[in-house]
Amino acid sequence: PSADTIKFSTGGVERMQISNSGVTGTGIGAGKILQIVQVEHTSSAQSTSGTYADTGLTANITTSSSGHAGILVITNLAMGATANNGGDAYVKFNIVRGSTQLREGMAGAWEDNLSGHTHNKYWQPAMNFYDTGTSASTTYTYKCQYAKKSDAVTAFYNNTNQYGSSIVLLEVGS
């Protein structure tokens, strides 16, 4: 070891070294972030269907050739719904990898039962998921989808009253 190396030992066994080249040792590197992909999306959309539709928020990541453990998916979504004649205004949303649904969520509110009354509700839900169903050296596409739920008339995404949505993919090392 050179003069620029610091060694750490316990029980007479060297566990870690810090040098000008970096940190090495037993257990070093597990959980390390290998890469980050972030996508911001501000285009708006709306739907009157209860079937999931793409929001347009999509991110691609090609995993590393070695040391891959999984992908942490973090989303911040701008959602909303409209209801007529009181009742509920709910929107459901999900994260998919390819065509596989990974996580599903819902946001909404019940207003009142006034005939002829229309109300809009807005939310900024976050959804996170650690995806361990991935492999090294593979390209994956993650996207967010949305749909109206129950009595909602319209579900909307990135309405003009909202600031946009984002998805962040963090590849985690083993």
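Rules used in this analysis
Residues numbered from 1 in each chain as written. Predicted model: local features only at pLDDT ≥ 70, side-chain atom pairs only at ≥ 80, totals over all residues. Heavy atoms only, no water. Helix = DSSP H or I, 4+ residues; strand = E, 2+ residues; numbered from the N terminus. Areas by Shrake-Rupley, 256 points an atom, 1.4 Å probe, with all protein chains shown as cover. Salt bridge = Lys/Arg side-chain N within 4 Å of Asp/Glu carboxyl O. Buried < 20%, exposed > 50% of the residue type's maximum accessible area, 1.4 Å probe, protein only. Pairing = 2+ DSSP bridges. Axes fitted to C-alpha atoms, helices over the stretch in contact; angles between N-to-C directions.

Visitor: Got a minute to help me understand the overall build of the protein chain in this structure?
Guide: Looking only at helices and strands, the protein chain features zero helices and 15 strands. Total accessible area on the protein chain stands at roughly 9200 Å², and carbon and sulfur atoms take up 48% of it.

Visitor: Just checking my understanding: could you explain the pattern of salt bridges for this structure?
Guide: Where charged atoms from two side chains of opposite charge approach closely, those side chains can pair. What the rule picks out here adds up to two salt bridges. For Lys143, the salt bridge goes to Asp54, with nearest N and O atoms at 3.2 Å. Of this pair, Lys143 sits in strand 13 (residues 139–149) while Asp54 sits in strand 6 (residues 53–62); the two residues are 89 residues apart in sequence, bridging distant segments of the chain. Across the salt bridge formed by Asp131 and Arg97, the nearest N and O atoms sit 2.6 Å from each other. Of this pair, Asp131 sits in strand 12 (residues 126–131) while Arg97 sits in strand 9 (residues 88–97), and the two are 34 residues apart along the sequence. The exposure class of Asp131 is buried, given its relative accessible area of 2%. The class for Arg97 is buried, based on a relative accessible area of 16%.

Visitor: So what exactly am I meant to see when it comes to the sheet that holds strand 13 here?
Guide: Strand pairing within a sheet occurs via backbone hydrogen bonds; the two strands may be parallel or antiparallel. In space, the four strands of this open sheet follow the order 6-13-9-10, with antiparallel pairing throughout. Taken across any chain shown, the strands that pair with only one partner, and hence form the sheet edges, are strand 6 and strand 10 (100–110). On average, each strand axis in the sheet is inclined to that of its neighbour by 15°, with strand direction left out of account. Bridge count between strand 9 and strand 13: eight bridges; the pairing is antiparallel. From the neighbouring strand, Val91 faces strand 13, where its bridge partner is Lys148.

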